[in-house]
Amino acid sequence: MHSKLVIIGSGPAGHTAAIYASRADLHPVMYEGFLALGIAAGGQLTTTDEVENYPGFTRIQGATLMDNMRAQSEACGTTIVSQTVGKVDLSERPFKYWIHPMGDDDNLEEEVHTADSLIIATGVKARRLGLDGEDKFWGNGVSACAVCDGSLPIFREKPLVVIGGGDSAVEEGIYLTKKAAKVTVLVRKGFLRASKANARRLMEHPKVEVRFNSEGLEIKGDEGPRGLMKSMVIKNNKTGKVEEIPANGLFYAVGHDPATALFKGQVDMDEDGYIKTIPGTAETTVAGVFAAGDVQDKKYRQAVTSAGTGCMAALEAEKWLLEQSDEDTADADHDVRKGADKANGDVPEYRSNPLLGASSKV
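Thresholds applied
- Residues numbered from 1 in each chain as written.
- Predicted model: local features only at pLDDT ≥ 70, side-chain atom pairs only at ≥ 80, totals over all residues.
- Heavy atoms only, no water.
- Helix = DSSP H or I, 4+ residues; strand = E, 2+ residues; numbered from the N terminus.
- Buried < 20%, exposed > 50% of the residue type's maximum accessible area, 1.4 Å probe, protein only.
- Areas by Shrake-Rupley, 256 points an atom, 1.4 Å probe, with all protein chains shown as cover.
- Pairing = 2+ DSSP bridges.
- Contact = heavy atoms within 4.5 Å.
- Axes fitted to C-alpha atoms, helices over the stretch in contact; angles between N-to-C directions.
- Salt bridge = Lys/Arg side-chain N within 4 Å of Asp/Glu carboxyl O.
- Lys, Arg positive; Asp, Glu negative; His and termini not counted.
- Polar contact = N/O pair within 3.5 Å; in protein donor to acceptor, adjacent residues only side chain to side chain.

*Asks:* Now, about the overall build of the protein: what can you tell me, with residues and values included?
*Replies:* When helices and strands are tallied, the protein shows nine helices and 17 strands. Counting over 362 residues, the protein shows a buried share of 44%. Accessible surface, the protein as shown: approximately 18500 Å² in total, 51% of it carbon and sulfur.

*Asks:* Lay out the sheet that holds strand 10 (residues 182-187) with the relevant residues and their values.
*Replies:* Pairing within the open sheet is parallel, and its five strands lie in the order 8-15-9-10-11. With partners counted over all chains shown, the strands left at the sheet margins are strand 8 (142-143) and strand 11 (208-212), one partner each. Note: strand 9 (residues 159-163) against strand 15 (residues 249-252), four bridges, orientation parallel. Bridge pairing in strand 15 places I163 opposite Y252. Across the sheet, helix 5 (residues 167-176) touches strand 9, strand 10 and strand 15, and the angle it forms with strand 9 is around 170°.

*Asks:* So what about the sheet that holds strand 14 (residues 242-246)? Which residues, and what values?
*Replies:* On the basis of which strands lie adjacent, the open sheet formed by three strands has the order 12-13-14 and antiparallel pairing. Of all strands in the sheet, those bounded by a partner on one side alone are strand 12 (214-221) and strand 14. Geometrically, the sheet is characterised by an average inter-axis angle of 30° between neighbouring strands, direction not taken into account. By the bridge criterion, five bridges tie strand 13 (residues 229-236) to strand 14 in an arrangement that is antiparallel. Paired with K235 across the two strands is V242, which belongs to strand 14.

*Asks:* Report on the pattern of salt bridges, specifying residues and quantitative values.
*Replies:* Enumeration according to the criterion identifies 14 salt bridges in this entry. A salt bridge links R211 to E243; its shortest N-O distance comes to 2.6 Å. In this pair, R211 is assigned in strand 11 and E243 in strand 14, connecting sequence segments 32 residues apart. Classification of E243 as partly exposed rests on a relative accessible area of 25%. Counted as one network, the salt bridges with shared partners bring together K182, E209, R211 and E243.

*Asks:* Any chance you could break down the side chain of D294 for me, citing the residues and the numbers?
*Replies:* One can find D294 in the loop between strand 17 (289-291) and helix 7 (303-346). The buried charged residue D294 lacks any salt bridge partner; its closest oppositely charged side chain belongs to R301, at an N-O distance of 5.6 Å. Within the structure, the side chain of D294 is placed 3.1 Å from the side chain of S306, a separation counted as a polar contact. Residue contacts for D294: discarding those within four places in its chain leaves Q44, G123, V124, Y274, R301, Q302 and S306.

In structure tokens form, the structure reads like this:
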């Protein structure tokens, strides 16, 4: 199958790109992925219980928001394929790609698909620690984004925990102090890896307690499918002391892994695997390939910023495709002119026809 524009990924970036591309009559095909990264189609927002910071919605469940985006993409004309792209070849145009059979990530289908342009919106996956109770309370107290979830009612004026020792952990901890009664930061080592200025801000904050040489063991809370987190079992890895502390929320700040293995060696990436784009654009180092959302944004990682770059990618893809069409038309016109000249050269009697010569003298 050949497509004018293919979008890989189905988060806010992918769906925004799909909506804009559909309205521009690019007939985009989106591969939303079948449990790619172990997450349902729709990306990380599908694991977020409530969203309060997406414009137009005072409060909405993350999964519902993504269902709405998917429905809008389809209504605009996007073809959505619920399979995962398993291999790409960006060495020449049209670009080639292969997909996994549904539910089989070990094999590839034989058919080779092609596309004139490509938008990469595969996102990132927040690193988890695999603590006991993590899966049970994910979205009901456990999160990987303080800015996304920290203002939810379940966290307000409650004791919260952050795990991490870098600048991200410091920023998450400071942010949470605006709503929390207390923030405990667990640092596995005996020091903070954050900058000195950030570390000082955290250590001096009256609402923050930093526990060095400490790690989480278990997350506890209410029973039942909608039970909320209530406490956490932690351990001092130097003394061996284990204790249970009150905690209505746990925020991981231990990093993210961009889903870019598929494109390694084909587009430029930074040392952490995020795709490099030309500043102020969604353009990658491969002409006709664009990147949007968290896959190229290691700083903000918000649904609304992802949507914005999805819009940019679609608009730039539209412009690029139009330029390629113009170039193809110009090349075709040039070939026609060359063909005409050659034809005239093959019929010399046209130029030596005495009738034409006589008529020119009349």
